[in-house]
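Close look at the chain arrangement
Residue strings, one per chain:
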Amino acid sequence: TIRANPMALPAPKLKAFVANIKETVLDVEDVTWKQCFVALMRLEVALRGVLLTQEQVDDRERLFSTLQSTAGKPLVSNDYPKPLLAGSSSMAGRMAERAASLLRKDNQESQSQSSSHNLLGGSMKQLETTKRRCKDVDEQRFLVFLELSQHASWPELYGIAEGYYYRAASFQPDTPVQWKRAWDAIVEQQQQQQPHQQ
């Protein structure tokens with residue numbers, strides 16, 4: 001059996017972090033899609049057993065350094081309680097879905113960012129160095145986030161939500177709500193292919 005990294009984030013800290021993200025971002029009425037996206041990125045890093053604080057996000061050097069050092073780490077599992085694994089993945093799915101919904105409502109924001117800008121706020125050098133690191137260690141998930149930070153896509157965010165819901169369901173396969181959420185995310189993605197159909 002593969003054991004979780006002993007240096008990974010302790011389960012109580014992961015649980016508290018997920019609860020904090022829910023309270024400070026997901027449950028906030030006037031939250032923006034960009035805030036949801038950054039929170040989603042923090043959740044993805046936390047699911048690798050690394051806590052990325054808001055202060056680290058605001059410090060671009062530390063943000064990209066953390067992403068580079070975390071790239072390639074496996075998602076937490078095994079030693080963590082299954083309800084926590086399911087809950088944290090579900091929370092990430094809900095965050096991705098919220099970001100997608102807000103982005104879709106804001107047509108102007110759905111346009112690509114300037115090629116020299118990304119919503120994580122780093123320089124092009126930091127972004128490209130981090131992308132290169134991700135490619136070196138076959139870190140596809142981070143790579144998708146980095147691409148989205150430059151070229152926002154609400155259908156792709158719904159696709160990310162779908163994936164998180166499947167992961168949540170894999171820990172609690174007898175919980176229909178995760179399968180239902182995944183299906184709803186698929187339906188939302190279809191809106192792009194059938195924009196004129198009700």
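The sections below set out a description of the structure shown in this document. Note that this is a predicted model, so its numbers are computed, not measured. (Residues numbered from 1 in each chain as written. Predicted model: local features only at pLDDT ≥ 70, side-chain atom pairs only at ≥ 80, totals over all residues. Heavy atoms only, no water.)

So, about the overall build of the protein. If you tally the helices and strands in the protein, you get 9 helices and 0 strands. The N-to-C order of helical and strand elements in the protein reads α-α-α-α-α-α-α-α-α. Here the protein holds 198 residues, and the buried ones make up 45% of them. Counted over contacts in the protein with a minimum sequence separation of 6, partners at least 24 positions apart contribute 75%. For the protein, the accessible surface area stands at approximately 10400 Å², while carbon and sulfur atoms represent 50% of it. (Helix = DSSP H or I, 4+ residues; strand = E, 2+ residues; numbered from the N terminus. Buried < 20%, exposed > 50% of the residue type's maximum accessible area, 1.4 Å probe, protein only. Contact = heavy atoms within 4.5 Å. Areas by Shrake-Rupley, 256 points an atom, 1.4 Å probe, with all protein chains shown as cover.)

At a minimum axis distance of 8 Å, the contact between helix 2 (residues 33-46) and helix 5 (residues 82-105) shows a crossing angle of 155°. What the angle tells us is that helix 2 and helix 5 run roughly antiparallel. Note on packing geometry: the crossing formed by helix 2 with helix 5 is left-handed. Residues Trp33, Cys36, Phe37, Ala39, Leu40 and Leu43 of helix 2 pack against Met91, Ala92, Met95, Ala96, Arg98, Ala99, Leu102 and Leu103 of helix 5. (Axes fitted to C-alpha atoms, helices over the stretch in contact; angles between N-to-C directions. Parallel < 35°, antiparallel > 145°, perpendicular 65-115°, else oblique. Left-handed = near helix turned anticlockwise from the far one by under 90°.)

Counting residues in each nonpolar core, the largest one holds 58 residues, and the members touching the most others are Leu40, Leu67, Met95, Leu120 and Leu157. Elements represented by at least two residues in this core include exactly helix 1 (11-26), helix 2, helix 4 (60-70), helix 5, helix 6 (124-136), helix 7 (140-148) and helix 8 (154-171). Ignoring anything within four residues of it in the chain, the contact list for leucine 40 reads Ala92, Met95, Ala96, Phe145, Leu157, Ile160 and Tyr164. (Core = buried A, V, L, I, M, F, W, Y, C linked by side-chain atoms within 4.5 Å.)

With that settled, consider the pattern of salt bridges. Within this structure, the stated rule accounts for 8 salt bridges. For arginine 141, the salt bridge identified is with glutamate 44, shortest N-O distance 2.9 Å. Within this pair, whereas arginine 141 is found in helix 7, its partner glutamate 44 is found in helix 2, the two being separated by 97 residues in sequence. For arginine 141, a relative accessible area of 33% translates into the label partly exposed. Judged by relative accessible area, glutamate 44 falls into the buried class, the value being 0%. In this structure, lysine 131 and glutamate 147 form a salt bridge, with 3.3 Å as the shortest nitrogen-oxygen distance. Taken together, the residues span a long stretch of sequence, with lysine 131 in helix 6 and glutamate 147 in helix 7 at a distance of 16 residues. With a relative accessible area of 33%, glutamate 147 lands in the partly exposed category. By sharing partners, the salt bridges in this structure join Glu44, Arg48, Glu139 and Arg141 into a single network. (Salt bridge = Lys/Arg side-chain N within 4 Å of Asp/Glu carboxyl O.)

The backbone phi angle of aspartate 138 is positive, close to 55°, even though this residue is not glycine. Along the chain, the position of aspartate 138 falls in the loop between helix 6 and helix 7.

Within this structure, the stated rule accounts for 4 aromatic pairs. Through a chain of ring-to-ring contacts, three or more aromatic side chains come together here, namely Trp33, Phe37 and Phe145. The positively charged end of arginine 104 is found above the aromatic ring belonging to tryptophan 154, 4.6 Å away from the centroid. (Phe/Tyr/Trp six-rings, centres within 6.5 Å; stacked < 30°, edge-to-face > 60°. Lys NZ or Arg CZ within 6 Å of the ring centre and 35° of its normal.)

How two helices sit against one another is set out by the angle between their axes and by the gap between those axes. Contact pair helix 4 / helix 6: the axes reach a minimum separation of 9 Å and the direction vectors enclose 10°. Between helix 4 and helix 6, the interaxial angle falls into the category roughly parallel. Across the interface between the two elements, Arg60, Glu61, Phe64, Leu67 and Gln68 from helix 4 touch Gln126, Leu127, Thr129, Thr130 and Arg133 from helix 6. For the contact of helix 4 with helix 6, the per-class residue count stands at 3 nonpolar, 4 polar and 3 charged. (Nonpolar A, V, L, I, M, F, W, Y, C, P; charged D, E, K, R; others polar.)

On their own, these measurements won't tell you what the molecule is for.
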